[in-house]
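If you want the building blocks of each chain, they are given just below.
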Amino acid sequence: MILGIETSCDETAAALVTEEGEIRASVVASQAELHARYGGVVPEVASRRHLELVTPVIRETLGVAGATLDDVDRIAVTQGPGLIGALLVGLAAAKALAWSRRLPLVPVDHLDGHVASLYLQPEPLEPPFLCLLASGGHTMLLDVRSHTERELLGTTLDDAAGEAFDKGARLLGLGYPGGREIDRLAQDGDPAAYAFPVARVPGLDFSFSGLKTALLYAVRDLGEEELAERRADLAASYQHAIVRALVERTQEAARQAGRDRIAIVGGVAANSELRASLPAAIAAPLSLCTDNAAMIASAARWTEPVAYPRYLALDAYASR
Ligand SMILES: Nc1ncnc2c1ncn2[C@@H]1O[C@H](COP(=O)(O)OP(=O)(O)OP(=O)(O)O)[C@@H](O)[C@H]1O
Ligand SMILES: [Mg+2]
């Protein structure tokens, strides 16, 4: 079994996954509540909380699976991209465990992890396919050719789609993290109430910063009471603009790459309008869209392990 550890942002997560991609246990301790009062993740606070949680979360994972460290064949850990201090906690924990057991360590790229969420049981997807990876930090169109080869066809030029959701939620006075809140509120709103612009940048890239500014102006023009009345319409229209941009470019990318299958991964793949707008797309289960360690252990199945003692020198990276 592979023990996966993920601490790149504000989720402390561990999972046990078999070589065949079966999840034996997946534990995610979210710090969202801790960061909510700041309206976003505070890196130093996240690192300190990871430090408190990482051992209990690993212990709980083993407990859920009814396993011990004797059952673990290798340790997989997110090496980057993410918050450096947060990543270092997971990496140090992984090194210590691997060293104490003389196990190989597999450093995993967090984005490989999001894609590998599709390779887990009970219905693992086989490449090739066109993948939209939309999360808090990234918005990418990937032509996934095999478990190890993929081409980046498009990316965001400014904010990530999840970031646009979170910033929009903040403008609307909703809680953090905002994506889920907008999704919920949008159910009661009219997506055609406001015509928010969808930036058309050349090629297959995205841009969400103009949209955010449009929402800012719309909110500023409303009084407190009016805003309360129109909040659901604003959320629905704003979400609709983001989803339309994602869907248009994703379909265009699939056409250009000649792929008939589309998959969506990352936190924004949990969005109900996005899922409904791409009914034929393969989406990871909701629990595997946002950060988790099962996807990290899954990616480790196609990543070269590093032997003892070389992995002791591994460092985390904030961005690619
Ligand atoms: N139902 C939803 N609708 C829209 N966005 C959502 C929904 N649920 C979660 N999100 C968004 O997903 C993002 C979190 O996703 P994820 O955990 O994959 O990102 P991350 O790990 O912070 O970023 P990255 O993976 O790029 O490092 C947040 O921006 C959140 O608002
Ligand atoms: Mg993520």
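Residues numbered from 1 in each chain as written. Chains lettered and ligands numbered in written order. Predicted model: local features only at pLDDT ≥ 70, side-chain atom pairs only at ≥ 80, totals over all residues.

## Concerning the environment of Val268
Short version of the rule: A run of H or I in DSSP becomes a helix once it reaches four residues, and a run of E becomes a strand once it reaches two; helices and strands are each numbered from the N terminus. The burial criterion counts other C-beta atoms lying within 10 Å of a residue's C-beta, which is placed from the backbone; the residue is buried at 20 or more, exposed at 12 or fewer, and partly exposed between these limits. We call two residues in contact when their backbone-placed C-beta atoms lie within 7 Å.
When you line up the elements, Val268 lands in the loop between strand 9 (262–265) and helix 9 (272–277). Owing to 28 C-beta atoms within 10 Å, Val268 belongs among the buried residues under this scheme. Taking C-alpha positions, Val268 is 18 Å from Ala253, a pair spaced 15 residues apart along the chain. Apart from residues lying up to four places away in sequence, Val268 is in contact with Ala134, Ser135, Ala161, Gly162, Phe165, Gly179 and Leu274.

## As for the sheet that holds strand 2 (residues 11–17)
The following threshold applies: Here the rule is simple: two strands pair whenever DSSP picks up at least two bridges between them. Axis definition: a line fitted to C-alpha atoms, limited for helices to the stretch in contact. Angles are taken between N-to-C directions and run from 0 to 180 degrees.
Here five strands make up an open sheet; going across it, the order is 3-2-1-4-5 and the pairing mixed. What marks the edges here is a single partner per strand, and that holds for strand 3 (23–30) and strand 5 (105–109). Going from strand to strand, the sheet's axes swing by 20 degrees on average, the running direction of each strand aside. The pairing of strand 2 with strand 3 spans seven bridges and is classified as antiparallel. Looking at strand 3, one finds that Thr12 is bridged to Ala29. Each of strand 1 (2–6), strand 2 and strand 3 touches helix 2 (residues 43–65); the most contacted strand, strand 2, lies at about 25 degrees to it. Relative to the sheet, helix 3 (residues 84–101) contacts strand 1, strand 4 (74–80) and strand 5, its axis offset from that of strand 4 by approximately 160 degrees.

## A word on helix 8 (residues 224–257)
Operational definition: Here, expected helix span is obtained from the residue count minus one, scaled by 1.5 Å. Across the chain, bend at a residue is computed as the angle between axes fitted to the seven residues ending at that point and the seven starting from it.
In a regular helix each residue adds 1.5 Å, so 34 residues correspond to 50 Å; helix 8 covers 47 Å between its end C-alpha atoms and thus fits that length. Bending of helix 8 peaks at approximately 55 degrees at the position of Arg230. Positioned one or two residues after helix 8, Gly258 has a phi angle of 70 degrees, which is positive.

## Observations concerning the domain arrangement of the chain
What counts is decided by this rule: As annotated, the domain borders come from an automatic or database domain assignment. Charged means Asp, Glu, Lys or Arg here, nonpolar means Ala, Val, Leu, Ile, Met, Phe, Trp, Tyr, Cys or Pro, and polar covers whatever is left, Gly included.
As far as domains go, the chain holds domain 1 (2–118 + 291–313) and domain 2 (127–260). Computed from C-alpha coordinates alone, the two centres of domain 1 and domain 2 are separated by 28 Å. If you look at the interface, domain 1 gives 11 residues, while domain 2 gives 14 residues. Where the side of domain 1 that touches domain 2 is concerned, the elements lending two or more residues are helix 1 (32–36) and helix 4 (110–116). Per-class residue counts for the side of domain 1 that touches domain 2 are seven nonpolar, four polar and no charged.

## Things to note about the site of ligand 1
Just so we agree on the cut-off: We call a residue near a molecule or strand when the C-beta position, derived from backbone atoms, sits within 6 Å of it.
Close to ligand 1 lie 24 residues, the nearest being Gly136, Gly137, Gly162, Gly179 and Gly267. Mapped by element, the contributors of at least two residues to the shell around ligand 1 are helix 4, helix 5 (161–171) and helix 6 (178–186). For the shell around ligand 1, the leading source of residues is helix 6, giving four residues. Of the residues that make up the shell around ligand 1, three or more belong to each of domain 1 (2–118 + 291–313) and domain 2 (127–260).

## Quick notes on the pairing of strand 7 (residues 139–144)
Moving residue by residue along a regular strand, the side chains alternate between the two faces of the sheet. For strand 7, the tally of buried residues reaches six of six residues, placing the bulk of the element in the interior. Side chains of strand 7 alternate between two faces, with Thr139, Leu141 and Asp143 and Met140, Leu142 and Val144 buried alike. Of the pairings in the sheet, the one linking strand 6 (residues 129–134) to strand 7 comprises six bridges and is antiparallel in character. Counted as the bridge partner of Ala134 is Thr139 from strand 7.

## Considerations on helix 3
In this model helix 3 runs 26 Å from its N-terminal to its C-terminal C-alpha over 18 residues, within 8% of the 26 Å that 1.5 Å per residue would give. Buried residues of helix 3: Ala86, Leu87, Val89, Gly90, Leu91, Ala93, Ala94 and Ala98, and no others. For helix 3, the elements touching its buried residues are strand 1, helix 2, strand 4 and strand 5. Backbone geometry just downstream of helix 3 places Arg102 in the positive-phi region, at approximately 55 degrees.

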